[in-house]
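Spelled out from the first residue to the last, the chains are:
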Amino acid sequence: MNKPPPLFTLDKYQIEESIGYLLARSRAMLTKSSDESLAQYGITHAQGAIILMLSTGKYSTAADLARDTYTDAASTKRMIDRLVARDLIKREPCVHDKRLMKLHLTADGLALSELMPPIFCSVLNKHFSGFSAEEIGFLKSMLKRLLANNVANAPPEKNTLAKQE
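Quantities reported herein were computed from a predicted structural model and do not represent experimental measurements.

The rules behind each value
- Residues numbered from 1 in each chain as written.
- Predicted model: local features only at pLDDT ≥ 70, side-chain atom pairs only at ≥ 80, totals over all residues.
- Heavy atoms only, no water.
- Axes fitted to C-alpha atoms, helices over the stretch in contact; angles between N-to-C directions.
- Helix = DSSP H or I, 4+ residues; strand = E, 2+ residues; numbered from the N terminus.
- Parallel < 35°, antiparallel > 145°, perpendicular 65-115°, else oblique.
- Contact = heavy atoms within 4.5 Å.
- Nonpolar A, V, L, I, M, F, W, Y, C, P; charged D, E, K, R; others polar.
- Core = buried A, V, L, I, M, F, W, Y, C linked by side-chain atoms within 4.5 Å.
- Buried < 20%, exposed > 50% of the residue type's maximum accessible area, 1.4 Å probe, protein only.
- Left-handed = near helix turned anticlockwise from the far one by under 90°.
- Salt bridge = Lys/Arg side-chain N within 4 Å of Asp/Glu carboxyl O.

## A word on the packing of helix 2 (residues 45-55) against helix 4 (residues 73-85)
- Where helix 2 meets helix 4, the axes come as close as 10 Å, and the angle between the chain directions of the two elements is 75 degrees. Classed by the angle they form, the pair helix 2 and helix 4 counts as roughly perpendicular. Between helix 2, through Ala46, Gln47, Ile50 and Ile51, and helix 4, the contact on the second element is made entirely by Met79, Arg82 and Leu83.
- When its residues are assigned to classes, the contact of helix 2 with helix 4 shows 5 nonpolar, 1 polar and 1 charged.

The structure is reproduced here in structure tokens:
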């Protein structure tokens, strides 16, 4: 079976047209806009995302958050430390493994988490004006596919790590 030619080649590569560059700029723009909207609550986009992620119940440890946000453990710990100091998150030892700290939103953290979706939606609506619902759906499906490629191509120990916790 013939292997398809590479989609990206050096002879046509230009940084301003690079998918990675465009994704990074887009993410930076959305993050900056979210930071501006969240400034009134004294938190950043990254901190707001952690609060919102914890509110879903799908994440309960710093490792969960770091893995899903592709953030190093030290940065995640520093963000959590700031949120704990603000009494928005609390750490509690896991019942089954005292070495593992579970994260929970405090009452203030939960109240703040309820403000996140309208703020994030407002930012997205601002920056995606002129896009159709179909275009947004297509973009989301392509980005999910890109993320799925990463999981499919990860070494086996990386794929099983999430299943062990």
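## Section: the nonpolar core
- The biggest cluster of nonpolar side chains holds 19 residues, and the ones touching the most others in it are Ile43, Ile50, Ile51, Leu54, Leu65, Leu83 and Ile89.
- Breaking this core down by element, the ones donating at least two residues are helix 2, helix 4, strand 2 (101-105) and helix 6 (116-127).
- The leading source of residues in this core is helix 2, at 4 residues.
- Not counting residues up to four positions away in its chain, the partners in contact with Ile51 are Ile43, Leu83, Leu88, Leu105, Gly109, Leu112 and Ser113.

## Here's the deal with the packing of helix 1 (residues 19-38) against helix 6
- Their axes nearest at 10 Å, the elements helix 1 and helix 6 cross at an angle of 135 degrees. The orientation of helix 1 relative to helix 6 falls into the category oblique. Relative to helix 6, helix 1 is oriented so that their crossing is right-handed. In this structure, helix 1 uses Met29, Leu30, Ser33, Ser34, Ser37 and Leu38 to contact helix 6, whose residues at the interface are Met116, Ile119, Phe120, Val123, Leu124, Lys126 and His127.
- Residue composition of the contact of helix 1 with helix 6, by class: 8 nonpolar, 4 polar and 1 charged.

## Digging into the pattern of salt bridges
- The tally for this structure, following the rule as stated, stands at 5 salt bridges.
- With a shortest N-O distance of 2.9 Å, Asp81 and Lys77 are connected by a salt bridge. Separated by 4 residues within a single helix, Asp81 and Lys77 lie in helix 4, roughly one turn from each other.
- You can call Lys77 partly exposed: its relative accessible area is 47%.
- Across the pair Lys90 and Glu92 runs a salt bridge, and its minimum N-O distance is 3.5 Å.
- Looking at Glu92, the relative accessible area reads 32%, which means it is partly exposed.

Without other data, these values stay purely geometric and don't point to any function.
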